[in-house]
Amino acid sequence: MIQRSAGILLPLFSLPSPYGIGTMGKAAYDFADFLHDAGQRYWQMLPLGPTSYGDSPYQSFSSFAGNPYFIDLDALINDQLLTREEVESCSWGTNPRYVDYGKIYESRFTLLQKATQRGFVRDRDEVSRFVAENAHWLPDYALFMALKRHFDMKPWTEWPDEDIRCRKSQSVLETYRRLLQKDVELFTYIQFLFFRQWTALKEYINALGIRIIGDLPIYVSLDSADVWAEPELFQLDDRNIPTAVAGVPPDYFSADGQLWGNPLYDYEKMSQTGFGWWIRRVGGAQKLYDVIRIDHFRGFESYWAVPYGETTARNGHWVKGPGMALVGMLTSWFHDLDFIAEDLGEPSDAVSALLKESSLPGMKVLEFAFSPDANSSYLPHNYHGNCVCYTGTHDNAPLTLWRTEASPEEISFAERYLGLNAQEGFDSGIIRGGMSSVATLFIAQMQDYLQLGQYHRTNTPGTAKGNWEWRMLPGEANGALAAHLAELSRTYGRI
């Protein structure tokens, strides 16, 4: 169970690792040490899956696979799978503050292909065991990625061969598996490398008394091995085209709502198998995380369905979700796994009732709290213990930027409510308000502790560019900051 404690939200890609993007290498181990020294007991990450066009961790080619970009290249050098000259000859971008995904895409797979050529045969026995342990998803994923390469990375719904697009027979799968053997081996070995490195990193983090919070997107991408392999579990027509897609209605973030475009689940079909797909999916996430934040929890109560082909989410409608039939099954099946419900969005009595019945902790976001009418449920005096308080999520501005974007009335009320003063500083005062609250767990973005503002967002909802790129610089997570955070956590009983 989650005890009174604190943690930091920092995506893996935001670590100051060499070679252009955060990885599971030394910088990850160093940040775990920083968290330990800072008295933090949780490291919250974003989804770790392989990303597609747009680089969003919430649009992945698989619910089970790991992102090839996160594989530490120095470890591959040490394992004699790559040479330092090969790695250092690649261009990784020129600005260490931001990921250059174009450069990463050009170089990473070239190097991983070389590593596979050298390691696949050498590690064949270990790889075979890994494949057997992950037989419910890995063969489909490796073939899916090989097929995407074969068909110029087009979405699977646009593959010209209808037989393989619709998986019409086992023989057609085996034909392509033989034809694309080298690429199937490549994507199999990449996952072998990812999970070997992740297992070692997670064991180190856990040994420090730190637990990992992972984000489980409620939906999967249409262009994913998940949907291609089991289309019958989604709301698709007879040509495997969605009949409706996911999103959220107009809200605080966007006047047009958010059109996510993910296929919607056929919950009736899923319930007939006891939600076995969900059990497998959460079981896969349990290999990565100690606590799972269920993204868009309200979608279990009712979800926003937008007719396929719409250009905004305005014309959607609410559809009843599976509710406790699914939520209760997951919490009872995974009794040794903690969950956090991301229950943000328009207030709803039905969502509140589902959250209460599930007994899961919900979320309180301080950046949403300071409406001048003082009636927000996000104000700390309205909290109960079973909740997680955030300064802001990865979709929110860091505090320094939020101060310039929020209305003057909100800022004035925050200053009065928390007794903020110039000597303490605005960001520090907001953090104190969350730390001192009765919320069981307090989480802040790393940017908040570094007091970074404009150009330091992780994501801006409703925009297509400039997201998922921000990185911490070497030396920013230092001993002085760790000591300050440890004292703050100790003061408010979070150590």
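Everything below is about the structure shown above.
Residues numbered from 1 in each chain as written. Predicted model: local features only at pLDDT ≥ 70, side-chain atom pairs only at ≥ 80, totals over all residues. Heavy atoms only, no water.

Draft legend 1. Seen up close, the sheet that holds strand 4 (residues 244-248). Spatial ordering of the open sheet is given by 5-4-7-8, a layout of 4 strands whose pairing is antiparallel. Unpaired on one side and paired on the other, strand 5 (258-263) and strand 8 (317-320) mark the two borders of the sheet. When the angles between neighbouring strand axes are averaged without regard to direction, this sheet yields 50°. As judged from the 4 bridges shared by strand 7 (residues 302-307) and strand 8, these two strands associate in the antiparallel manner. Counted as the bridge partner of Ala 305 is His 317 from strand 8. (Pairing = 2+ DSSP bridges. Helix = DSSP H or I, 4+ residues; strand = E, 2+ residues; numbered from the N terminus. Axes fitted to C-alpha atoms, helices over the stretch in contact; angles between N-to-C directions.)

Draft legend 2. Structural context of the nonpolar core. Phe 31, Trp 43, Trp 198, Trp 278, Phe 300, Phe 370 and Ile 430 are the most contacted members of the largest nonpolar core, which has 167 residues in total. At 12 residues, the largest contribution of residues to this core is made by helix 9 (residues 181-207). Each residue touching Phe 300, except ones within four places of it in the same chain, is listed here: Ile 218, Tyr 267, Trp 278, Ile 294, Gly 321, Pro 322, Gly 323, Leu 326, Val 327 and Leu 354. (Core = buried A, V, L, I, M, F, W, Y, C linked by side-chain atoms within 4.5 Å. Buried < 20%, exposed > 50% of the residue type's maximum accessible area, 1.4 Å probe, protein only. Contact = heavy atoms within 4.5 Å.)

Draft legend 3. Representation of the side chain of Asn 134. Take Asn 134: it is sitting in the loop between helix 5 (124-133) and helix 6 (138-150). Asn 134 sits in the buried class, given a relative accessible area of 4%. Within polar-contact distance, the side chain of Asn 134 engages the backbone oxygen of Phe 130 at 2.8 Å. Filtering out sequence-adjacent residues up to four positions away, Asn 134 remains in contact with Pro 139 and Lys 287. (Polar contact = N/O pair within 3.5 Å; in protein donor to acceptor, adjacent residues only side chain to side chain.)

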